[in-house]
Every structure is written in C-alpha cells, then in structure tokens.
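# What the coordinates show
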Amino acid sequence: MDAYTLEKMKKDLDNGFGLYFNYNNDRYLIHKVADNCYSKKLVTIKEKSPHAIFNLISSKTLKEMFPFMEDFEYKT
C-alpha cells in the first residue's frame, strides 16, 4: 500500500471528503471550506483542554501539520 501523501489528502478534500485524523493525541475532522481554507474540528474534547474546538486553517498550516498526522479515516 502506498503512503498517504499531502497531495492525495488535498485532492480528497477538494473532492468533498471529510477526513478524521490524529494529531498530538487528539482526534480531528477536517473539511475544505474554500480555496486555501480548511475547517479543523476537535472531535476528542477533554475536560480543561487548551485546544480550540473549531479552527479555520490555511494550506500552509495543513502542510506544516501533515508530517505529524496519523490514522487517517474518511468521514462516512
């Protein structure tokens, strides 16, 4: 099986898919909103968590986060 790449992820998001992934021991859901704009929603909400529940991020941020993302799963 080929490794999941940033280009494949962006193509999947362009095609309207939502993706779940783990990042820093938290689970997130990401969708494409507009060109260079993605919504990132925290799925695992822990008590007293310092992380924002909902963020809008750019392609640059997505590229910086990608090496640390794991356990990708398509939203059904």
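Here the structure is shown first, and the text comes after it.
So, a few notes on the structure that sits alongside this text. (Residues numbered from 1 in each chain as written. Predicted model: local features only at pLDDT ≥ 70, side-chain atom pairs only at ≥ 80, totals over all residues. Heavy atoms only, no water.)

Summarising the element assignment, Lys40 is placed in strand β3 (residues 37-42). Summary of buried charges: Lys40 has no salt-bridge partner, and the nearest side chain of opposite charge, Asp26, is 8.7 Å away. (Helix = DSSP H or I, 4+ residues; strand = E, 2+ residues; numbered from the N terminus. Buried < 20%, exposed > 50% of the residue type's maximum accessible area, 1.4 Å probe, protein only. Lys, Arg positive; Asp, Glu negative; His and termini not counted. Salt bridge = Lys/Arg side-chain N within 4 Å of Asp/Glu carboxyl O.)

On to the sheet that holds strand β2 (residues 26-34). If you trace the 5 strands from one edge of the open sheet to the other, you get β4-β3-β2-β1-β5, paired in antiparallel fashion. Of all strands in the sheet, those with a lone pairing partner are β4 (54-57) and β5 (70-74), marking the two edges. Neighbour to neighbour, the strand axes of the sheet diverge by 25° on average, direction disregarded. Across 6 bridges, β2 lies against β3 in antiparallel orientation. Across the sheet, the residue bridging to Lys32 is Tyr38, located in β3. In the packing of helix α1 (residues 6-14) onto the sheet, the strands contacted are β1 (19-23), β2, β3 and β5, and the crossing angle to β2 comes to about 60°. (Pairing = 2+ DSSP bridges. Axes fitted to C-alpha atoms, helices over the stretch in contact; angles between N-to-C directions. Contact = heavy atoms within 4.5 Å.)

Turning our attention to a nonpolar patch on the surface. A cluster of nonpolar side chains, Val33, Ile45, Ile53, Phe54 and Leu56, forms an exposed patch at the surface whose accessible area comes to about 510 Å². Relative to the helices and strands, Leu56 is located in strand β4. (Patch = residues over 30% accessible without salt bridge, like charges linked within 9 Å, V, L, I, M, F, W, Y side chains within 5 Å. Areas by Shrake-Rupley, 256 points an atom, 1.4 Å probe, with all protein chains shown as cover.)

Evaluated as defined, the whole model comprises 6 aromatic pairs. Pairing Phe21 with Tyr28 gives two aromatic rings, centres 5.7 Å apart and planes at 20°, and the pair type is stacked. Side by side, Phe21 and Tyr28 carry an identical accessibility label, which is buried. Ring geometry for Phe21 and Phe72: centres 6.5 Å apart, planes at 40°, overall tilted. Taken together, the residues Phe21 in strand β1 and Phe72 in strand β5 connect sequence positions 51 residues apart. Lying over the aromatic face of Tyr28, Lys40 brings its terminal NZ or CZ to 4.9 Å of the ring centre. (Phe/Tyr/Trp six-rings, centres within 6.5 Å; stacked < 30°, edge-to-face > 60°. Lys NZ or Arg CZ within 6 Å of the ring centre and 35° of its normal.)

Shape is all these values report; function is a separate question.
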